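The lines below spell out each chain.
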Amino acid sequence: MIELIELTKAYGRVRAVDGVTFSAVPGRVTGFLGLNGSGKTTTLRMLLGLSRPTSGRALINKVRFQDLTDPARQVGAVLEQGISHPGQSGRAHLTTQALLIGVDRARVEVLLEQVGLAGAAEQRCGDYSLGMRQRLSVATALLGDPQVLILDEPANGLDPEGIAWLRELLRDHARSGGTVLISSHLLAELAQLIDDVVIIAEGTVRYAAPLSELYGSASARLRIRGRDPQRLWRAFEEAGATVDTDGYALEVIGLTPEDAGDIAFEAGVPLYELASDAPNLEQIFLNLVAGDAPAPTPVTAPAPDPGSPPAAELFPAPAHLIPIPSETPIPSEAQPSSEAPPSSEGPPSSEGPLLSEAAASPERAASPGTDAFSESAAVPESAATMTTTQEGDR
Amino acid sequence: MIAVVRSELYRLSTIRSSAFSIAVFAAFGIIFSVMSADMWALLAGVSAFGFGVTGITQHYQHRTAVLLYLARPKRLQVLLAQLLTTVIVSLGFAAVSGVVVLFSGDVDVFLRTLTVVPIMGLLGAAMATVVRRATPLVVGFAVWVIFIEAMYFRMEQPLPFSAYLDAAGGNGRALLQFLGWALAAVVAAGFSVRRDVNVD
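Treat the numbers as computed from the prediction; the structure is a model and nothing was measured.

A.B. asks: Hey, could you run me through the overall build of chain A in this one?
C.D. replies: On a plain count of helices and strands, chain A comes out with twelve helices and 13 strands. Residue burial in chain A is summarised as follows: out of 394 residues, 53% are buried. Here the analysis covers contacts within chain A between residues at least 6 apart in sequence; of these, 74% occur between residues at least 24 apart. In the form shown here, chain A has an accessible surface area of approximately 16700 Å², with 51% of it arising from carbon and sulfur atoms.

Shown next as structure tokens:
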């Protein structure tokens, strides 16, 4: 278990890390995210006893790293990009570390095999690619078979295969009860790996919670295009969804693709496109680190505006659009109603005009959802394993 | 501490440039010892200083100090182990390269050199722990010896290198002075080793 309590590092008047508080628990992978220069590496260095905190505490298994008995058997760390002496072979590097921490040399061969460097074991580390050096770093971290793994930007230099390998390795480690803390400046890079997320910006924690809550706060959005967007809009809203438009397709929040398809079917509106956009985690992340950026959560649909442009202007029929053949079977109960002619060709409707993106923006900015990711609201109370420090606490 | 010493010795032997440097200096030492016992003694001292400096600064240059302190966070113990490693390497180097001196009958010179060389290694390693970078340290020490000790004080003051030369010449008082300089450097290193390790 890793616990950081009000951890602070100041260089003169500059606080590189300011009151950072969070935990990483066994059995879970915790992502530590922040842009370059946000304080991630400084925090990890304090956690690992490489630099001294100005104040606060960093504990691993309830004690400071420096006070751990046989630390390499409890904590494995990957820092920066493949630390090794360029004049040593990979095997010699690992053997040096094995002698240092007192593990059997036989483990060196096992790890070389495990990280895929057995064939390059006698090659000088200086001749290794960045990805090979990262693999060597991971092997170094695993030498003592530690329960806690701390990795600083470990995916740097790894190819997609290497990233997939590392992801599986870390997931296995967490599944077997290990604690994993991994830093990155890319949320998307870790999205498939981490269970919990801690986001740091300008030295302070902006968000700490299970990743599922971050996902949950940014519902999946459906992108839907059909023959009669106005009718679809109404049908989706009546089903409780939030609907918006980018001027070309409807953006629907709050429905599953299956529900949306069924609703369109029942409304008798043929669909030309139905796609599910995953929550844009990168945008969420950027908004969180920006602190004052608008929320990425989709907002309530704008109220109908009689003066808005006609739907035909907002939904021009694309030249590449393939019309549905007349013989396409459409169930009788789902036949398009004569009350709602295809909007791409029909006259503007006064009942459900679609707002342009520009018209929707003020509403979006003012919506209740806007503050969902603001700094003060960023920490869900339900984050049982996480605690964060707010500005006012310091 | 023994684990650190074993690891450091293994590391030294498997870094090709380090192993090559020791072999080359040993060869020069043997050649020098054939020419003059005093020249061999001087080379042995300078080499020991170099081994002490590079043994420490390589860890900072290649950031392996991070791995060292992650494995052994009690830095004073690591420092003591590194100093012991330097003593072992310096003694081994002097003993091997000075075989000709020993068998040519200059037993006193051989033994005196074997006494002062490890202290010179300690001085180099301790100063390297403080400075952490080889080039500024070696250049700075060379400038100090040439311009301050040699040209200004004419090697007549009990300063580090002057004391080393006098100690190597059999001056017991100079040996104590030299040992004092080395211990002062070790104490400074003891405080300095606790500084933050930058991985950037």
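A.B. asks: Which parts of the structure should I look at to understand the interface of chain B and chain A?
C.D. replies: For interface size, the figure often reported is the accessible area lost on association. Contact with chain B, which involves 30 residues of that partner, is made by 36 residues of chain A. Summed over both partners, the interface of chain B with chain A buries about 2900 Å², with 59% contributed by carbon and sulfur atoms. By the criterion of area lost to chain A, the three top residues of chain B are Tyr10, Leu67 and Leu70 of chain B, representing 21% of everything that side buries. A salt bridge links Asp196 of chain B to Lys9 of chain A; the shortest N-O distance between them is 2.8 Å. Here chain B is connected to chain A by ten residue pairs in polar contact (both at pLDDT 80 or more). Of the residues in the side of chain B that touches chain A, the class split is 13 nonpolar, six polar and eleven charged.

A.B. asks: Any chance you could explain the nonpolar core here in plain terms?
C.D. replies: Taken as a class, soluble globular proteins show a tendency for nonpolar side chains to be buried jointly. Counting residues in hydrophobic clusters, the biggest one holds 137 residues, and the most contacted among them are Ile150 and Ile194 of chain A. For this core, the element with the most residues is helix H7 (residues 107-131) of chain B, which contributes twelve residues. A domain-level breakdown of this core finds at least three residues from each of domain 1 (2-216) and domain 2 (221-375) of chain A. In contact with Ile150 of chain A, other than residues within four places in its own chain, are Ile2, Leu44, Leu47, Leu48, Ile60, Val75, Gly76, Ala77, Val78 and Leu181 of chain A.

A.B. asks: Sorry, what's going on with the pairing of strand S5 (residues 75-78) of chain A here?
C.D. replies: Taken residue by residue, a regular strand's side chains alternate between the two faces of the sheet. Residue and element names in this part refer to chain A. Neither face of S5 is open: one carries Val75 and Ala77, the other Gly76 and Val78, and all of them are buried. Inspection of the sheet shows S5 paired to strand S6 (residues 148-152) by four bridges, in the parallel sense. Opposite Val75, over in S6, you have Val148 as the bridge partner.

A.B. asks: Teacher, can you tell me more about the layout of surface pockets here?
C.D. replies: One water molecule sets the probe size; rolling that probe over the atoms shows where empty space is left. All names here are of chain B. Of the volumes computed, that of the largest pocket is approximately 580 Å³. As for the largest pocket, its lining consists of 31 residues, of which Ser47, Phe49, Gly50, Phe51 and Thr54 are closest to the centre. Those elements giving two or more residues to the lining of the largest pocket turn out to be helix H1 (2-14), helix H2 (16-35), helix H3 (37-61), helix H5 (75-97) and helix H8 (134-152). Looking at which element gives the most residues to the lining of the largest pocket, the answer is H3, with twelve residues. Across the lining of the largest pocket, the residue classes tally to 16 nonpolar, 13 polar and two charged.

A.B. asks: Honestly, the UniProt feature "transmembrane region" (unreviewed entry) in chain B in this entry has me stumped. Any pointers?
C.D. replies: All names here are of chain B. Under the UniProt annotation, "transmembrane region" (unreviewed entry) lies at residues 12-33, 39-57, 78-103, 109-130, 137-155 and 175-193. Here residues 39-57 is 100% helix and 0% strand, with 27 Å between the C-alpha atoms at its ends. In residues 109-130, the share of helix is 100% and the share of strand is 0%. The end C-alpha atoms are 31 Å apart.

A.B. asks: How should the side chain of Arg75 of chain B be read in this particular structure?
C.D. replies: Topologically, Arg75 of chain B is positioned in helix H5. The side chain of Arg75 of chain B sits in the buried core without any salt bridge; Asp196 of chain B is the nearest counter-charge, 6.0 Å away. Within the structure, the side chain of Arg75 of chain B is placed 3.0 Å from the backbone oxygen of Gly49 of chain A, a separation counted as a polar contact. Setting aside its immediate chain neighbours within four residues, Arg75 of chain B contacts Gly49 and Leu50 of chain A together with Tyr69, Val193, Arg194, Arg195 and Val197 of chain B.

A.B. asks: What am I meant to see in a negative patch on the surface here?
C.D. replies: Residues and elements named next belong to chain A. Residues Glu258, Asp259, Asp262 and Glu266 make up a contiguous surface patch of negative charge. Mapped onto the fold, Glu258 is located in helix H9 (residues 257-267). We classify Glu258 as exposed; its relative accessible area is 55%.

A.B. asks: Please explain the sheet that holds strand S12 (residues 250-253) of chain A as it appears in this structure.
C.D. replies: Within a sheet, neighbouring strands are paired by backbone hydrogen bonds and run either parallel or antiparallel to one another. All names here are of chain A. As summarised here, the arrangement of the four strands in space is S11-S12-S10-S13, forming an open sheet in which the pairing is antiparallel. What marks the edges here is a single partner per strand, and that holds for strand S11 (242-245) and strand S13 (271-277). Shown here is a sheet whose adjacent strand axes are inclined to one another by a mean of 25 degrees, direction ignored. Examined bridge by bridge, strand S10 (residues 221-226) and S13 share six bridges and lie antiparallel to one another. Its bridge partner lying in S13, Ile224 is registered against Leu274. Here H9 sits on the sheet in contact with S10 and S13, set at roughly 160 degrees to S13.

About the cut-offs
Residue numbers run consecutively from 1 along every chain, following the written order of its sequence. Here the convention is simple: chains get letters from A, ligands get numbers from 1, in the order in which they are written. Since the coordinates come from a predicted model, pLDDT governs what is reported: local features require at least 70, and pairs of side-chain atoms require 80 or more to be given and counted, while whole-chain, interface and lining totals use all residues. For the side-chain quantities, the full set of heavy atoms in the structure was used; hydrogens and water were omitted. Numbered from the N terminus, helices here are DSSP runs of H or I no shorter than four residues, and strands are runs of E no shorter than two. Think of it in three bands: with a 1.4 Å probe and only protein chains considered, a residue is buried below 20% of the maximum accessible area for its type, exposed above 50%, and partly exposed in between. Contacts were defined at the residue level, with two residues in contact if any of their heavy atoms lie within 4.5 Å. What sets the accessible areas is the Shrake-Rupley method with a 1.4 Å probe; for residues, cover comes only from the shown protein chains. Accessible area, probed at 1.4 Å, shrinks when two parts are joined; the buried area is that loss added up over both. By definition here, a salt bridge exists when the distance from a side-chain nitrogen of Lys or Arg to a carboxyl oxygen of Asp or Glu is within 4 Å. Definition of a polar contact: a pair of N or O atoms within 3.5 Å, with one able to donate and the other able to accept a hydrogen when the atoms are protein atoms, and with sequence-neighbouring residues admitted only if both atoms are side-chain atoms. Polar here means any residue other than Ala, Val, Leu, Ile, Met, Phe, Trp, Tyr, Cys and Pro, which are nonpolar, and Asp, Glu, Lys and Arg, which are charged; Gly is therefore polar. Here, the term nonpolar core denotes a set of buried Ala, Val, Leu, Ile, Met, Phe, Trp, Tyr and Cys residues that are joined through side-chain atoms within 4.5 Å. An automatic or database domain assignment supplies the residue ranges for each domain. DSSP calls a pair of strands paired once it identifies at least 2 bridges connecting them. For cavity detection a 1 Å grid was placed over the protein atoms alone, and a set of points counts as a cavity when a 1.4 Å probe fits there but cannot get out; an open set counts as a pocket when protein lies on both sides within 12 Å along at least five of seven lines, with lining residues being those that have an atom within 4 Å of a point. Grid points are joined across faces, edges and corners, and a volume is the space filled by probe spheres set on the points. UniProt positions are given in the numbering used here, feature names are shortened, and annotations may be inferred rather than shown by experiment. Here the positive residues are Lys and Arg and the negative ones are Asp and Glu; neither His nor the chain ends is included. Each patch is assembled from residues with relative accessible area greater than 30% and no salt bridge, linking like charges that lie within 9 Å and nonpolar side chains (Val, Leu, Ile, Met, Phe, Trp, Tyr) that lie within 5 Å. Charged side chains are reduced to one point each, which is NZ for Lys, CZ for Arg, CG for Asp and CD for Glu. Geometry is summarised by axes, namely lines fitted to C-alpha atoms with helices restricted to the contacting stretch, and by angles between N-to-C directions that run from 0 to 180 degrees.

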